[in-house]
Amino acid sequence: TKHTTMSKQRLSYLSKETTSADEEKLKQFKQVRKEDVEEILRTFMPNRIVELDSFISQTNLEYREDFSSKTLQNVLKSKLTEESNDMIAVTNNLRLSLRLSLPKFADQDFKAGVKTSILGELKLSKIFAISILNKLINLLITDTKLQKKELKYKGILDYQAGILETRQLNNRKMLKWLRDMRDVYLILLDLYSKHQTIIQPK
């Protein structure tokens, strides 16, 4: 009985010790997430908005005479893949931070409502980025088929013109998706700026 009592006391002590350690780890985890969010809002988003805007302008200027360029197609695909993956990572980070700062259900108030609303916007932004990746896959499949037909009907000028027209249309679509991504960052940054005191993680 004495041994059992000592074991229970030991387990109780270990439980308290573990709980304290876990709480400290959780506190540190939240702090890292907070610093990540601050970096995203202070540096990443503003820089990415400017970078995307500059890329779009330069692309329009450089390829204004040849928007059906195969080179342009590859550049845009690569850029969109990179941007989509970055947007997914960023929105995941922001959503996690906001969720950690939400109060218990019983304590829901106006601030929690604002956070929940922004969580919805972040979810939509992530879905948008994922959809871009899916659209790129479809474009890749279409382009592969076009390349095969391009070789097969190499001597038919009308068919060649149709292929170039399709490629031009796809390139313009991809550039539009990049503009949309820039605008998504602008909207998210604006939301955080307007509600900074409410959504700043604890």
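All values reported here derive from a predicted model rather than from experimental measurement. Every chain is numbered independently, its residues counted from 1 as its sequence is written. Local features are withheld for residues below a pLDDT of 70 in this predicted model, meaning they are given only at 70 or higher, and side-chain atom pairs are given and counted only at 80 or more; totals for whole chains, interfaces and linings count all residues. Computation of side-chain values covers all heavy atoms of the structure but excludes hydrogens and water.

Participant: How should the overall build of the protein chain be read in this particular structure?
Facilitator: Secondary structure elements are defined from DSSP: runs of H or I of at least 4 residues count as helices, runs of E of at least 2 residues count as strands, and each element is numbered from the N terminus. A tally of helices and strands in the protein chain yields 5 helices and 0 strands. Summary of the burial criterion: residues with accessible area below 20% of their type's maximum are buried, those above 50% are exposed, and those between are partly exposed, where the area comes from a 1.4 Å probe applied to protein chains only. Sorting the 202 residues of the protein chain into buried and exposed places 33% on the buried side. Note on contacts: a residue pair is in contact if any heavy atoms of the two residues lie within 4.5 Å. Taking the contacts inside the protein chain whose residues are at least 6 apart along the sequence as the reference set, 83% of them involve residues at least 24 apart. Note on areas: Shrake-Rupley, 1.4 Å probe, and residue coverage restricted to the protein chains presented here. A total of about 12900 Å² of accessible surface is found on the protein chain, and carbon and sulfur atoms cover 56% of it.

Participant: Help me out: how do you make sense of the pattern of salt bridges in this one?
Facilitator: A pair can form between side chains of opposite charge whenever their charged atoms are brought close. Salt bridges are identified by distance alone: a Lys or Arg side-chain nitrogen within 4 Å of an Asp or Glu carboxyl oxygen. In this structure the tally under the stated criterion is 12 salt bridges. Among the salt bridges present, the one from Arg-48 reaches Glu-83, with a minimum N-O distance of 2.9 Å. On the criterion of sequence distance, the pair formed by Arg-48 in helix H1 (residues 2-62) and Glu-83 in helix H2 (residues 70-101) is long-range, its members being 35 residues apart. Given the relative accessible area of 0%, Glu-83 is considered buried. For Lys-194, the salt bridge identified is with Asp-190, shortest N-O distance 3.0 Å. One end of the pair is Lys-194 and the other is Asp-190, both in helix H4 (residues 157-194) and 4 residues apart, which spans about a single turn. The exposure class assigned to Lys-194 is exposed, which follows from its relative accessible area of 61%. Each of Arg-48, Glu-51, Lys-79, Glu-83 and Asp-86 takes part in one network of salt bridges that share partners.

Participant: Got a minute to help me understand a nonpolar patch on the surface in this structure?
Facilitator: Without a salt bridge and with relative accessible area above 30%, a residue can belong to a patch; like charges are then joined within 9 Å and nonpolar side chains (Val, Leu, Ile, Met, Phe, Trp, Tyr) within 5 Å. Together, Leu-26, Phe-29, Leu-96 and Leu-100 give the surface a local cluster of nonpolar side chains, amounting to about 310 Å² of exposed area. Broken down by secondary-structure element, the contributors of at least two residues to the nonpolar patch are H1 and H2. Tracing the sequence through the fold places Leu-96 in helix H2. By relative accessible area, which is 36% here, Leu-96 ends up partly exposed.

Participant: How should I be thinking about the side chain of Ser-69 in this particular structure?
Facilitator: On the secondary structure map, Ser-69 appears in the loop between H1 and H2. Among the polar contacts made by the side chain of Ser-69, one reaches the main-chain amide nitrogen of Thr-71 at a distance of 3.1 Å. In terms of polar contacts, Ser-69 uses its side chain to reach the backbone amide nitrogen of Leu-72, at 3.2 Å. In this structure, Ser-69 is in contact with Tyr-63, Arg-167 and Asn-171, ignoring residues within four places of it in sequence. A 3.5 Å cut-off defines polar contacts: any pair of N or O atoms within that distance qualifies, except that in protein one atom must be a possible hydrogen donor and the other a possible acceptor, and neighbouring residues in sequence count only when both atoms are side-chain atoms.

Participant: Just checking my understanding: could you explain the environment of Leu-100 for this structure?
Facilitator: Here Leu-100 is to be found in helix H2. Residue classification places Leu-100 among the partly exposed positions, given a relative accessible area of 30%. In sequence terms Leu-100 and Arg-33 are 67 residues apart; their C-alpha atoms lie 9.3 Å from each other. Residue contacts for Leu-100: discarding those within four places in its chain leaves Phe-29, Lys-30 and Arg-33.

Participant: Would you mind showing me how to read the packing of aromatic side chains here?
Facilitator: Each aromatic ring pair is summarised here by two numbers: the centre-to-centre distance and the angle between the ring planes. Within 6.5 Å between ring centres, the rings of Phe, Tyr and Trp (the latter by its six-membered ring) count as paired, and their orientation is classed by plane angle as stacked under 30 degrees, edge-to-face over 60, tilted in between. In this structure the tally under the stated criterion is 1 aromatic pair. Between Phe-44 and Tyr-185, the aromatic rings sit 5.9 Å apart at their centres with planes inclined by 80°, giving edge-to-face as the arrangement. With a gap of 141 residues between them, Phe-44 in helix H1 and Tyr-185 in helix H4 connect regions that are remote in the sequence. Among the residues examined, Phe-44 registers a relative accessible area of 22% and is labelled partly exposed. Judged by relative accessible area, Tyr-185 falls into the buried class, the value being 1%. Sitting above the plane of the Phe-55 ring, Lys-79 keeps its charged end 5.2 Å from the centroid. When the NZ atom of lysine or the CZ atom of arginine is within 6 Å of a ring's centre and also within 35 degrees of its normal, the charge is said to sit over that ring. Its guanidinium or amino end placed over the ring of Phe-67, Arg-172 lies 4.1 Å from that ring's centre, counting from NZ or CZ.

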